[in-house]
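In case you want the letters, here they are:
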Amino acid sequence: YKAMYREKLDALKEKEGRVKLGLDKLIQGAADVEAMKVVLAAEQVKLEEATESTNRMLEGLEVSSAEAKTEGEQVAGIKARCEADAERIASEKESCASDLAKAQPFVDEANAAINSIKPAHIGEIKKLANPSDIIKLVFDCVLILFQLPLSKVQPSKITMAKTEISWFEPSFKQALQMMSSPNFLGQ
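Residues numbered from 1 in each chain as written. Predicted model: local features only at pLDDT ≥ 70, side-chain atom pairs only at ≥ 80, totals over all residues. Heavy atoms only, no water.

S.K.: Help me understand the overall build of the chain in this model?
M.R.: If you tally the helices and strands in the chain, you get 4 helices and 2 strands. Expected size for 187 residues packed as a compact globule is a radius of gyration near 16 Å; at 54 Å, the chain overshoots this value by more than 25%. Over its C-alpha atoms, taken along the principal directions, the chain stretches across nearly 170 × 35 × 35 Å. Across the 187 residues of the chain, 10% fall into the buried class. Across the chain, the fraction of contacts at a sequence separation of at least 24, relative to all contacts at a separation of at least 6, is 53%. Looking at the chain as shown, the accessible area adds up to about 15,800 Å², and 62% of this sits on carbon and sulfur atoms. Charge-centre separation for the chain: the mean point of 25 positive side chains lies 3 Å from the mean point of 29 negative side chains. (Helix = DSSP H or I, 4+ residues; strand = E, 2+ residues; numbered from the N terminus. Rg over C-alpha atoms; globule rule 2.2 N^0.38 Å. Buried < 20%, exposed > 50% of the residue type's maximum accessible area, 1.4 Å probe, protein only. Contact = heavy atoms within 4.5 Å. Areas by Shrake-Rupley, 256 points an atom, 1.4 Å probe, with all protein chains shown as cover. Lys, Arg positive; Asp, Glu negative; His and termini not counted. Charge placed at Lys NZ, Arg CZ, Asp CG, Glu CD.)

S.K.: Just checking my understanding: could you explain helix H3 (residues 133–145) for this structure?
M.R.: Count 3.6 residues to each turn of an α-helix, and residues three or four apart come out pointing the same way. A rise of 1.5 Å per residue sets the reference length of H3, with its 13 residues, at 18 Å; its end C-alpha atoms lie 18 Å apart and thus fit the reference within 8%. When we look at burial in H3, the residues that qualify are Asp133, Lys136, Leu137, Phe139, Asp140, Val142 and Leu143. Where H3 is buried, its residues meet helix H2 (119–127), strand S1 (155–160), strand S2 (163–168) and helix H4 (172–180). (Expected span 1.5 Å × (residues − 1).)

S.K.: Looking at this structure, I do not really get the nonpolar core. What am I missing?
M.R.: A general feature of soluble globular proteins is that nonpolar side chains tend to end up buried together. Core analysis: the largest hydrophobic core is formed by 9 residues, namely Ile122, Phe139, Val142, Leu143, Phe172, Ala175, Met178, Met179 and Phe184. With 4 residues, the single largest contributor to this core is H4. Filtering out sequence-adjacent residues up to four positions away, Leu143 remains in contact with Leu148, Pro149, Leu150, Ser171, Gln174, Ala175 and Met178. (Core = buried A, V, L, I, M, F, W, Y, C linked by side-chain atoms within 4.5 Å.)

S.K.: I'm lost on H4 in this one. Help?
M.R.: Buried residues of H4: Phe172, Ala175, Met178 and Met179, and no others. The buried side chains of H4 occupy one side of the element, clustering within an arc of 105° when seen end-on. Seen from the buried face of H4, the exposed residues on the opposite side, beyond 90 degrees, are Lys173 and Gln177. Elements that come into contact with the buried residues of H4 comprise H2 and H3. (Arc of directions from axis to C-beta.)

S.K.: Help me out: how do you make sense of the side chain of Ser156 in this one?
M.R.: Within the fold, Ser156 resides in strand S1. With a relative accessible area of 17%, Ser156 lands in the buried category. Separated by 3.3 Å, the side chains of Ser156 and Glu169 make a polar contact. Beyond its immediate sequence surroundings of up to four residues, Ser156 is in contact with Ile165, Ser166, Trp167, Phe168 and Glu169. (Polar contact = N/O pair within 3.5 Å; in protein donor to acceptor, adjacent residues only side chain to side chain.)

S.K.: Looking at this model, I keep getting lost on the packing of H2 against H4. Mind explaining?
M.R.: Relative orientation of the contacting elements H2 and H4 amounts to 145°, with a least axis distance of 11 Å. Crossing of H2 over H4 shows left-handed handedness. Of the residues in H4, those in contact with Ile122, Ile125 and Lys126 of H2 are Phe172, Leu176, Met179 and Ser180. (Axes fitted to C-alpha atoms, helices over the stretch in contact; angles between N-to-C directions. Left-handed = near helix turned anticlockwise from the far one by under 90°.)

S.K.: Is there a simple way to think about the pairing of S1 in this case?
M.R.: Regular strands show a simple pattern: their side chains alternate between the two faces of the sheet. When S1 meets S2, the two strands line up antiparallel, connected through 6 bridges. Bridge assignment links Thr159 to a residue of S2, and that residue is Glu164. Connecting S1 to the antiparallel partner S2 that follows it, the hairpin turn spans 2 residues, and Ala161 within it adopts a positive phi of roughly 50°. (Pairing = 2+ DSSP bridges.)

S.K.: Looking at this model, I keep getting lost on unusual backbone geometry. Mind explaining?
M.R.: Only a minority of non-glycine residues have a phi that is not negative, and only a minority of peptide bonds are not trans. The residue Gln147 is not glycine, and still its phi comes out positive at about 55°. Tracing the backbone through its elements, the reader meets Gln147 in the loop between H3 and S1. Residue class for Gln147 comes out exposed when judged on its relative accessible area of 72%. One non-glycine residue, Ala161, adopts positive backbone phi at about 50°. Structurally, Ala161 is set in the loop between S1 and S2.

No statement about biological role is implied by the geometric values presented.
Okay, structure coming up:
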């Protein structure tokens, strides 16, 4: 009977040890879960802050993206206008080059005529007491080209091709002063 009692007691002690070990593990597991809840709560706060920061950054990026898109559209519009202006300018440049090519022979001829004027020719005009009205008008034009002052505008009659025309008084006196300048032909 004692042997059986010892055998049953040992089995019960073994079961008691297992139950006690299991309870200790459950208590330890509960404590670990509580500790993890505290760590998890702290991590949850960090996660919410990170999420909020990320959302703010995303909103900022969306605004920046919208601004960049708007600016890109403006730049595209400016580029299109610049290209249109460049085409228009190229067309005008071609037209001007064509006009210049047509006018160049006349410019060359005028330069040759200017270069053919000698000081003796100017002296001859200065000696004229009363040159014809056409010569006076030509020298009014020369004064205008050199941006020199003209006489005060006063009504006058001039004769052109044997016809009397109402005009204004020519500025031949100022033209004589201009012709007396030593560098007149050099201008």
